[in-house]
Amino acid sequence: MRTLLLKSLLARPVTIARPAPDAAALEEVGQALEARARRLFGRSITIREVDAGSCNGCELEIHALNNAVYDVERFGIRFAASPRHADVLLVTGPVTHNMKVALERTYAATPDPKWVVAVGDCGCGCGVFEGSYAVVGAVDKVVPVDLHIRGCPPRPIDLLRGLVALMDQSTSPHRR
Ligand code: SF4
């Protein structure tokens, strides 16, 4: 027992080091996003994340945007608990039958102008859940989508680059 305890205390960690984001690339994309948000809205942007039926892998990457490494709030990107405060709906999928009405109501509750971004291979096209009895379809089968960000899951930096592309493709958010 004592030997085992000693061995555990002296053993090196078996985990691998976390992959660090490229700090310069993050700073660049963050500032680009902040500048575009100020140009279009005259202020920061607010995101409401909707899990319409994902495996939560995409959520882990989205949550990472708020951790100490990415800390996107410094670039003026905020996450809100209510769609009534949101400019952008970040939707992970696929959309399940259980979440279809909730997604439709969230979309309706988001004030115009608004953008919808489908996140992950599942949100963009059902991914590994294609053909499941529980699934209605990709996000754009339920609500209009302005941008697809693929990946399983997409990295936080890819999410930020996607948001920059979203703002570049529009001079103003859509009024529907
Ligand atoms: S894209 Fe991948 S990580 Fe995201 S919900 Fe689908 S299976 Fe999960």
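Above this note sits the structure.
Because the structure is a prediction, the values reported are computed rather than measured.

**As for the nonpolar core**
Argument step 1. Within the largest apolar cluster, 30 residues are counted, with the highest numbers of intra-cluster contacts made by Ile77, Val117 and Leu160.
Argument step 2. Elements that contribute at least two residues to this core include exactly α2 (23-41), β1 (45-51), α3 (57-64), β3 (88-92), β5 (115-119), β7 (147-149) and α6 (156-168).
Argument step 3. If one sorts the elements of this core by residue count, α6 sits on top with 7 residues.

**Description of the sheet that holds β5**
Strands pair in a sheet through their backbones, by hydrogen bonds, and they do so in one of two ways: parallel or antiparallel.
Argument step 1. Taken in spatial order, the 5 strands make up an open sheet running β2-β1-β3-β5-β7, and their pairing is parallel. Every other strand in the sheet has two partners, leaving β2 (77-79) and β7 as the edge strands with one partner each. When strand polarity is set aside, the average angle formed by the axes of neighbouring strands in this sheet is 30°.
Argument step 2. Across the sheet, α3 lies against β1, β2, β3 and β5, angled at about 145° from β3, the strand it touches most.
Argument step 3. Against the sheet, helix α4 (residues 97-109) engages β1, β3 and β5, with an angle of about 165° to β1.

**Let's talk about unusual backbone geometry**
Argument step 1. A cis amide bond, omega 10°, links glycine 93 with the succeeding residue proline 94.
Argument step 2. With respect to the helices, strands and loops of the structure, proline 94 is situated in the loop between β3 and β4 (95-96).
Argument step 3. The peptide bond linking cysteine 152 to proline 153 adopts the cis configuration, its omega dihedral lying at -10°.
Argument step 4. Within the fold, proline 153 resides in the loop between β7 and α6.

Rules used throughout
Residues numbered from 1 in each chain as written. Predicted model: local features only at pLDDT ≥ 70, side-chain atom pairs only at ≥ 80, totals over all residues. Heavy atoms only, no water. Core = buried A, V, L, I, M, F, W, Y, C linked by side-chain atoms within 4.5 Å. Buried < 20%, exposed > 50% of the residue type's maximum accessible area, 1.4 Å probe, protein only. Helix = DSSP H or I, 4+ residues; strand = E, 2+ residues; numbered from the N terminus. Pairing = 2+ DSSP bridges. Axes fitted to C-alpha atoms, helices over the stretch in contact; angles between N-to-C directions. Contact = heavy atoms within 4.5 Å.

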